[in-house]
Amino acid sequence: SVSPRSVTLPAGGSATVTVTLTLDPAKLIHRADPTIALDPLGLGIMRDFLSDASSLLTITPAGGTSSLRVPVFSAPRPASRLSGPSSVAVSGAGPLLTGTLALTGTGVDVRGDQRYERERSRISALQLMATSPRLPACEPGISSGCVTTPDQSAADLRYVGFTSDAREVSAAGKDPLSLETPGLAYFGIASWKPWRSAADIAKFLVYLDTDNDGTPDIVVVNANLVQDVFTSIALGVRPGDNESLISLQLINNVAGDKDTAKLHGNAMTLPINLANLANPTDGAGTALPPYITRANSTISYWVEAYDLAGTLIDAVGYPRVPLRSDVLAPALTAFTSSGSLPAAATRGTRLIVTMDPAKAGASPRVLLLHHLNALSRKAQVVTVTR
């Protein structure tokens, strides 16, 4: 609607009118503009996209025959309002303690006519590995350790998390190191401010030191493979690896048919294929030495965040004081009955929290990434108690 409906202007004058968009969240179908190619690779992998609603404001002079047109554009998305409790208790008599984390609030589940049109809340849960304070805005006399633009704020790290589904894959009678039934490890990233897209604007590099000698063996990076097909790419950087492609997974482990707010979001997971770490090959298909084995599956890692210009904005950990996780036997996990990430989520969704007290440290915490929550509510930290 437009208000006022008419204005009177003198020659050279101007007036302001208000255009109001009224939305029904139940009808916000995740639908792409019909002019874009949804499968740019031709492999059945749908690109990510923003659903949009656009129109023209038409201004017709009284008694005139020609009109002026002003384009009006919006990209509305229904937002869930899900959350977990502030803490969850685990207990048990064995080496692993377990507990239940139940979600409360309101989810999103808007059905459409086609598969890609269903808009549904999804959640990823990881062990919180590190936090990083918000960087201040740069000002005269201060040009380092600060941010100058919103895009730089998108590379300002807030939380780093880790999880692996190796235990869930094994529980299903499969081998997480087998190329036929691979498990996945996930590195979770949450920024203080949103990025415009899940790659290019803010570049997150996760350096993996798989032999724990203080030098990186693999680098994992968020990348736009082609036309908003956002991927987690792992490259081998050991001497002789020649930056071979070790793993290629979709960011958040889903394509664009399952919306996880990769466009204008501030939380993502970077998956890496565990079978490819155990059975790596170079670009010619020649076998490389394994990065992990069943006997050696604890890795060190650290994260660096860069802006579009390649300027280092923030970092968590570094080679001499890295983060450490066991990719086959993680210290703390939280999965729904599906055993995979991201999981469909709504009010009442339950996650089984599993903790190895010998590995979890003194203050174990779960990092919940509510992918379709509003920006300020996407990342949540839950304390784990015994």
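Note that this is a predicted model, so its numbers are computed, not measured. (Residues numbered from 1 in each chain as written. Predicted model: local features only at pLDDT ≥ 70, side-chain atom pairs only at ≥ 80, totals over all residues. Heavy atoms only, no water.)

Engineer: Got a minute to help me understand the overall build of the protein chain in this structure?
Structural biologist: Helix and strand counts for the protein chain stand at three helices and 26 strands. On C-alpha atoms alone, the protein chain measures out to a radius of gyration of 24 Å, which is about the 21 Å that the 2.2 N^0.38 rule sets for 386 residues. The dimensions of the protein chain, computed from C-alpha atoms along their principal axes, are 85 × 50 × 45 Å. Within the protein chain, contacts between residues at least 6 apart in sequence are counted, and of these 63% link residues at least 24 apart. A distance of 10 Å separates the average location of the 32 positive side-chain charges in the protein chain from that of its 32 negative side-chain charges. (Helix = DSSP H or I, 4+ residues; strand = E, 2+ residues; numbered from the N terminus. Rg over C-alpha atoms; globule rule 2.2 N^0.38 Å. Contact = heavy atoms within 4.5 Å. Lys, Arg positive; Asp, Glu negative; His and termini not counted. Charge placed at Lys NZ, Arg CZ, Asp CG, Glu CD.)

Engineer: Looking at this structure, I do not really get unusual backbone geometry. What am I missing?
Structural biologist: Negative phi is the rule for most residues except glycine; trans is the rule for most peptide bonds. Here Ser 3 and Pro 4 are connected by a cis peptide whose omega angle stands at -5 degrees. For Pro 4, the position within the fold is in the loop between strand 1 (2–3) and strand 2 (18–19). Backbone geometry places Gln 227, a non-glycine residue, at a positive phi of 45 degrees. You can see Gln 227 is positioned in the loop between strand 15 (218–226) and strand 16 (229–236). Taking relative accessible area as the criterion, Gln 227 reaches 43% and is therefore assigned partly exposed. Non-glycine residue Asn 252 carries a positive phi angle of around 65 degrees. Here Asn 252 lies in the loop between strand 17 (245–250) and strand 18 (265–273). (Buried < 20%, exposed > 50% of the residue type's maximum accessible area, 1.4 Å probe, protein only.)

Engineer: What should I look at first to understand the layout of surface pockets in this one?
Structural biologist: Where empty space is left in the structure can be found by rolling a water-sized probe over the atoms. Approximately 470 Å³ is the volume found for the largest pocket. Along the walls of the largest pocket sit 16 residues, with Arg 5, Ser 6, Val 7, Ile 59 and Thr 60 positioned nearest its centre. Among the elements that line the lining of the largest pocket, the one with the most residues is strand 3 (residues 53–59), at three residues. The residue inventory of the lining of the largest pocket, partitioned by class, reads eleven nonpolar, four polar and one charged. (1 Å grid on protein atoms, 1.4 Å probe; cavity = no way out; pocket = protein on both sides within 12 Å on 5 of 7 lines; lining within 4 Å. Points joined across faces, edges and corners; volume = space filled by probe spheres on them. Nonpolar A, V, L, I, M, F, W, Y, C, P; charged D, E, K, R; others polar.)

Engineer: Please explain the state of the cysteines as it appears in this structure.
Structural biologist: Think of a disulfide as a covalent bridge from one cysteine sulfur atom to another cysteine sulfur atom. With the rule as written, the count across this model stands at one disulfide. A disulfide bridge connects Cys 138 with Cys 146, and the sulfur atoms are separated by 2.0 Å. An S-S torsion of about 95 degrees defines the bridge between Cys 138 and Cys 146 as right-handed. With relative accessibility at 9%, the residue Cys 146 sits in the buried group. (Disulfide = S-S within 2.5 Å.)

Engineer: Help me understand the packing of aromatic side chains, please; the structure alone is not making it clear to me.
Structural biologist: Geometry of an aromatic ring pair is reported as the spacing of the ring centres plus the angle between the planes. Taken as a whole and judged by the stated rule, the model has five aromatic pairs. Ring centres 5.4 Å apart and planes at 55 degrees place the aromatic pair Phe 162 and Phe 187 in the tilted group. Residue Phe 162 is found in strand 12 (residues 157–164), and its partner Phe 187 is found in strand 13 (residues 184–195); the two are separated by 25 residues along the sequence. For Phe 162, a relative accessible area of 1% corresponds to the buried category. With a centroid separation of 6.0 Å and an interplanar angle of 20 degrees, the aromatic rings of Tyr 207 and Trp 302 are classed as stacked. Taken together, the residues span a long stretch of sequence, with Tyr 207 in strand 14 (residues 202–209) and Trp 302 in strand 19 (residues 298–307) at a distance of 95 residues. The exposure classification of Tyr 207 matches that of Trp 302, with both residues buried. The side chain of Arg 158 reaches across the aromatic face of Trp 192, ending 4.3 Å from its centre. If you follow Arg 238 out to its NZ or CZ, it ends over the ring of Tyr 291, 3.7 Å from the centre. (Phe/Tyr/Trp six-rings, centres within 6.5 Å; stacked < 30°, edge-to-face > 60°. Lys NZ or Arg CZ within 6 Å of the ring centre and 35° of its normal.)

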